[in-house]
Amino acid sequence: MKVSWLGWGIVLGGLAACGGHEDSAGSKEAASAVAAQTPSRALSRADIEVVVRRNLRDTLPFTGTLAALKSSSIAAEVEARVHDVLVREGEVVRQGQVLARLDSESLDQSVSEQQAQLAGNQSRLKLARIKLDKQHELLQKGFISQLAYDEAESEYTVRQGELQAQSSQLARARRLQADSVVRAPIAGVVYERKINPGEIAAKNTRLFSIADLGVLELSASVPSQWIGRIKPGQQARFSVEGLPDESTGEVVRVNPVAQSGTRSFLIYIRVNNADGRLKAGQFAKGGVVLRELTGQVVLPQTAVQDLQGQPWVMLVTQGRLKHQPVKVLLWSQSERKLAVTGLNPGQVVLAAPLLGVASGDAVTLPTELK
């Protein structure tokens, strides 16, 4: 019996097809068996980051020293012996409060002397006025010459000048007498006291220093490449040693002239300190808030890969790693964190790249996260 070539072709094709199906099924089963036998990589708590929502700020870091916005140094206006000192360092004083008293005996005598001289000048002026009026009557009647009247008028003018000069000297003596009582020019805290009772206070010698700590100001240096992003009204957050909480301030001025040498610019941050928590002279470390987002998914910078291209993270889902694209909303380089979209709270991602792992690899989470 003859068999056509076409028949043999169909028979051989069928056999080949049956063999191919068997090989494919076997390959899949073998791959599944290998995958099942491959051990999962155990991840530690340090390897992963649980996705949560929080606030993130992009800040420009700064350091600086807090200083009182208002301060005053009180110097002696007269040279005298210190009679009494009424305040010490650290005491709060009000404006106009007496801080010290100097010996004013010689000043009191000078005032009395000037008062006596003023009374004499007043009497001489009064007499010159009477003479002038009398000479005016005689001139009207033709009993004296014009020259005699002019002399009387000149004498009266001289007496007026003497009285004015004496009044000025008396006012100066009284001012010096008042300066023997040292008063606070502003309200604040006495942070320096340079005199003690019995000492001689020389003129223009500093006696006290007072600072109003209700409002502080912080000056900070900013690199020239960042100064264009700093504007008055921006918020600043900073911390100081000894206080657990952050403090806030506001940028109020920007010095438009760069510092010689560093080519950096100074900015000035006003801080409300009504509660007195902060002290002048404390070292502050913080940043000017350039931008802030609230309630966003925030990850450490190391968790996001390919930041200059198409950012992605390695997501842990159903016991395996998965390449998950994300979109960066804010990059805080000072905090080394990013706000992203594409993830939901509660999901788990790798906190940083791990050697020897790739998308699709089996992993095991720590016990507390299973």
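In what follows, the structure referred to is the one given above.
First, a word on scope: everything that follows refers to the structure included in this document. (Residues numbered from 1 in each chain as written. Predicted model: local features only at pLDDT ≥ 70, side-chain atom pairs only at ≥ 80, totals over all residues. Heavy atoms only, no water.)

### Details of the overall build of the chain
Okay, step 1: For the chain, the count of helices and strands is 3 helices and 20 strands.
Okay, step 2: Within the structure as shown, the chain displays about 22,300 Å² of accessible surface, and the carbon and sulfur contribution to it stands at 51%. (Helix = DSSP H or I, 4+ residues; strand = E, 2+ residues; numbered from the N terminus. Areas by Shrake-Rupley, 256 points an atom, 1.4 Å probe, with all protein chains shown as cover.)

### A look at the nonpolar core
Okay, step 1: In terms of nonpolar packing, the biggest core is built from 23 residues, with F62, L66, I230, F238, I267, I269 and V288 touching the most fellow members.
Okay, step 2: For this core, the secondary structure elements donating two or more residues are β3 (53–75), β10 (206–222), β11 (235–240), β13 (265–272) and β14 (283–300).
Okay, step 3: Ranked by the residues each element gives to this core, the list is headed by β10, at 5 residues.
Okay, step 4: Each residue touching I269, except ones within four places of it in the same chain, is listed here: F62, L216, E217, L218, A236, G249, E250, V251 and V288.
Okay, step 5: Among the nonpolar cores identified, the runner-up in size contains 20 residues, and A80, V87, L102 and L107 belong to it. (Core = buried A, V, L, I, M, F, W, Y, C linked by side-chain atoms within 4.5 Å. Buried < 20%, exposed > 50% of the residue type's maximum accessible area, 1.4 Å probe, protein only. Contact = heavy atoms within 4.5 Å.)

### Side note on the side chain of Q301
Okay, step 1: With respect to the element layout, Q301 can be found in the loop between β14 and β15 (312–317).
Okay, step 2: What makes Q301 buried here is its relative accessible area of 17%.
Okay, step 3: In contact with Q301, not counting residues within four places along its chain, are L307, W331, R336, K337 and L338.

### Notes on unusual backbone geometry
Okay, step 1: Even without a glycine there, the phi angle at N204 is positive, about 70°.
Okay, step 2: Checked against the element boundaries, N204 lands in the loop between β9 (200–201) and β10.
Okay, step 3: Look at N204 and you get exposed, because its relative accessible area is 58%.
Okay, step 4: Positive phi, normally seen in glycine, also occurs at R263, with a value near 60°.
Okay, step 5: The residue R263 is located in the loop between β12 (247–254) and β13 in this model.

### So, the sheet that holds strand β2 (residues 48–50)
Okay, step 1: Strand order in the open sheet formed by 4 strands is β2-β19-β15-β16, and the pairing between neighbours is antiparallel. In this open sheet, the two edge strands, each paired with only one partner strand, are β2 and β16 (320–325). Looking at each pair of strands side by side, their axes are set apart by 40° on average, direction ignored.
Okay, step 2: Two elements, β15 and strand β19 (residues 348–350), share 2 bridges in a ladder whose sense is antiparallel. Considered in β19, the bridge of L315 is made with V349. (Pairing = 2+ DSSP bridges. Axes fitted to C-alpha atoms, helices over the stretch in contact; angles between N-to-C directions.)

### Digging into the packing of helix α2 (residues 105–141) against helix α3 (residues 146–179)
Okay, step 1: Across the interface, α2 lies against α3 with an axial gap of 8 Å and an inter-helix angle of 160°. Between α2 and α3, the angle is such that the two are roughly antiparallel. In the packing of α2 onto α3, the handedness of the crossing is left-handed.
Okay, step 2: Across the contact of α2 with α3, the residue classes break down as 15 nonpolar, 14 polar and 9 charged. (Parallel < 35°, antiparallel > 145°, perpendicular 65-115°, else oblique. Left-handed = near helix turned anticlockwise from the far one by under 90°. Nonpolar A, V, L, I, M, F, W, Y, C, P; charged D, E, K, R; others polar.)

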